[in-house]
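Spelled out, the chains give:
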Amino acid sequence: MLYVFLSVCCSVIVSVLLKVARRYSIDVFQAITWNYGMAILLTWFFFKPNFGTFEIKQAPLGVYIAVGILLPLIFWIMAKSVRLAGIVRTDVAQRLSLFISLFAAFLLFGDQFNLARLACFSVGFAAILCSIPWQKQTANRKVLSNAWLYLICVFIGFGAIDILFKKVAAFTAVPYTTSLFFIYALSFVIALISLAVKVISGKTRIHWAHIMFGLILGVANFGNILFYLKAHKALSTSPSLVFSAMNIGVISVGALVGLVVFHERLSKLNKLGLALAIISIIMITTVNIMHW
C-alpha cells in the first residue's frame, strides 16, 4: 500500500503544481511540454524499453498518435480546470472518467452489463452532475461561466485516454512500457512543435523557470504512473484494492488539500458530489470483486 500512497501523493502534487503555476507566472503549456521531456528520460531509466525486438508493423501507430495528441491537450485543459474549478472538482472529474472506459468495455470489448453496474454508473453520473459549479462561481470566487466546460472536457478526455491505453495494453506484441516510451516521445514532439509555433509568433518566450517547473511536473506525473504500476505488481492478487484505494485516495487527499490549503469553496451540492464519487468507486470495486 506504500506504492498506492506514493502514487496518490504524486497525482495530487501534479494538481497542486498546476494550481500554483499562475501564481509564479509560469507558462503552463510550456511546462507541460518539458514535462514530457522528463517523462521520456524517466521511462528510459526505470522501464528500460526494449527496442531490439520492436517492429514498426506490430505497433498500433494510430492509437499511439491519438494518445500522443490527447495527452498534452487534456493536460492543458486539466490545468485550466484546476485554476477555474479547483483541485477538488477537477480530481473528482478525472477519477470518475473511469466510468467512460468501463462503459466502453460493454460496447467495445464485449463485457456484460447488469443492474448492479447500472447502479454504479448512475451514482457516478450523479456525482459528476453534483460536482459541476452550476452557480458559475470558480474556486477563486470569480464569476466565470466556462468552469463547468473544462470539467466536462477533463471527464471525457481522461476517459478517452484510458480507453486508448487499454487498446495499447491489448497489443501484446509490443511491451506496454515500450509503447509508453513512444507515446511520451510523440506527446513531446507534438507539444514542442506547438510551442515552437507560439515562440515564432511571439506569443511566448522560452525561459528557464518554465523549463524547471515543467521538469518537476514531469517527475510528479511520471511518479504517479511508476508507483501505480508497482502497486499493481506488489498486489497482483488484489487489483481491485489498488484500483479503489488509488481513486478514493486521490479524491480524498485532493479534497483535503483543496479545501484546507487553497480554501476552495464548495456548495452543498458539490460536497454531495464528492461523497457520491467515493461511494460510486466503492460500488464498482465491490461489483468487480463479486463478479455480479
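Refer to the preceding data block for the structure.
## Brief notes about the overall build of the protein
- Along its length, the protein carries 11 helices and zero strands.
- Mapped from its N terminus to its C terminus, the protein presents α and β elements in the order α-α-α-α-α-α-α-α-α-α-α.
- Residue burial in the protein is summarised as follows: out of 292 residues, 50% are buried.
- Within the protein, contacts between residues separated by at least 24 positions form 86% of all contacts whose residues are at least 6 apart in sequence.
- Surface summary for the protein: the accessible area is close to 14200 Å², and the carbon and sulfur share equals 71%.

## Comments concerning the packing of aromatic side chains
- A complete count under the given rule lists 11 aromatic pairs for this structure.
- Where Tyr-36 meets Tyr-184, the ring centres are 6.1 Å apart and the plane angle is 40°; that geometry is what we call tilted. Remark: Tyr-184 occurs in helix H8 (residues 176-200) and Tyr-36 occurs in helix H2 (residues 28-47); sequence separation between them is 148 residues. A single burial state applies to Tyr-36 and to Tyr-184, both of which are buried.
- Joined through ring pairs, the aromatic side chains of Trp-44, Tyr-64, Phe-181 and Phe-182 make up one cluster.
- Taking the ring centre of Phe-45 as reference, the NZ or CZ of Lys-48 above it sits at 5.4 Å.

## Section: the nonpolar core
- Core analysis: the largest hydrophobic core is formed by 85 residues, its most contacted members being Leu-18, Leu-71, Leu-96 and Tyr-184.
- Leaving out residues up to four positions away in the same chain, Leu-18 has contacts with Val-28, Phe-75, Met-78, Ala-79, Val-82 and Leu-217.

## Description of the state of the cysteines
- Across all of its chains, the model carries zero disulfides by this definition.
- No disulfide involves Cys-10; its sulfur sits 7.0 Å from that of Cys-9, the nearest cysteine.

## Some details on the pattern of salt bridges
- All told, the structure shown has two salt bridges when counted by the stated rule.
- In this structure, Glu-264 and Lys-19 form a salt bridge, with 3.1 Å as the shortest nitrogen-oxygen distance. Of the two residues, Glu-264 is situated in the loop between helix H10 (239-261) and helix H11 (268-290) and Lys-19 in helix H1 (residues 2-20); the sequence distance between them amounts to 245 residues.
- Residue classification places Glu-264 among the buried residues on the basis of a relative accessible area of 6%.

## Side note on the layout of surface pockets
- By volume, the largest pocket amounts to about 1300 Å³.
- The wall of the largest pocket is formed by 36 residues, among which Arg-95, Asp-162, Phe-165, Tyr-176 and Tyr-228 lie closest to the centre.
- When contributions to the lining of the largest pocket are tallied by element, the ones reaching two or more residues are H1, helix H3 (61-84), helix H4 (87-96), helix H5 (98-108), helix H7 (147-170), H8, helix H9 (208-234) and H10.
- For the lining of the largest pocket, a count of residues per class yields 22 nonpolar, 11 polar and three charged.

## Structural notes on a nonpolar patch on the surface
- A contiguous nonpolar patch, built from Leu-256, Leu-259, Val-260 and Val-261 and spanning about 360 Å² of accessible area, is present on the exposed surface.
- The exposure class of Val-260 is exposed, given its relative accessible area of 52%.

## Things to note about the side chain of Ser-244
- Along the polypeptide, Ser-244 turns up in helix H10.
- By relative accessible area, which is 11% here, Ser-244 ends up buried.
- Every residue in contact with Ser-244, bar those within four places of it in the chain, is listed here: Gly-249, Ile-281 and Thr-285.

## Structural notes on empty space enclosed by the protein
- All told, the structure shown has one cavity of 30 Å³ or more when counted by the stated rule.
- Of the voids in this model, the largest cavity is the one considered here, and its volume is about 40 Å³.
- Lining the largest cavity are Arg-89, Ala-93, Ile-128, Ser-131, Ile-132, Leu-151, Ile-152 and Phe-155.
- Secondary structure elements with two or more residues in the lining of the largest cavity: H4, helix H6 (115-131) and H7.
- Among the elements that make up the lining of the largest cavity, the one with the highest residue count is H7 (three residues).
- Tallied by class, the residues present in the lining of the largest cavity amount to six nonpolar, one polar and one charged.

## Observations concerning the environment of Leu-102
- With respect to the helices and strands, the residue Leu-102 is situated in helix H5.
- Taking C-alpha positions, Leu-102 is 9.6 Å from Ile-284, a pair spaced 182 residues apart along the chain.
- Apart from residues no more than four positions distant in its own chain, Leu-102 is found in contact with Phe-121 and Ile-284.

Rules used in this analysis
- Residues numbered from 1 in each chain as written.
- Predicted model: local features only at pLDDT ≥ 70, side-chain atom pairs only at ≥ 80, totals over all residues.
- Heavy atoms only, no water.
- Helix = DSSP H or I, 4+ residues; strand = E, 2+ residues; numbered from the N terminus.
- Buried < 20%, exposed > 50% of the residue type's maximum accessible area, 1.4 Å probe, protein only.
- Contact = heavy atoms within 4.5 Å.
- Areas by Shrake-Rupley, 256 points an atom, 1.4 Å probe, with all protein chains shown as cover.
- Phe/Tyr/Trp six-rings, centres within 6.5 Å; stacked < 30°, edge-to-face > 60°.
- Lys NZ or Arg CZ within 6 Å of the ring centre and 35° of its normal.
- Core = buried A, V, L, I, M, F, W, Y, C linked by side-chain atoms within 4.5 Å.
- Disulfide = S-S within 2.5 Å.
- Salt bridge = Lys/Arg side-chain N within 4 Å of Asp/Glu carboxyl O.
- 1 Å grid on protein atoms, 1.4 Å probe; cavity = no way out; pocket = protein on both sides within 12 Å on 5 of 7 lines; lining within 4 Å.
- Points joined across faces, edges and corners; volume = space filled by probe spheres on them.
- Nonpolar A, V, L, I, M, F, W, Y, C, P; charged D, E, K, R; others polar.
- Patch = residues over 30% accessible without salt bridge, like charges linked within 9 Å, V, L, I, M, F, W, Y side chains within 5 Å.

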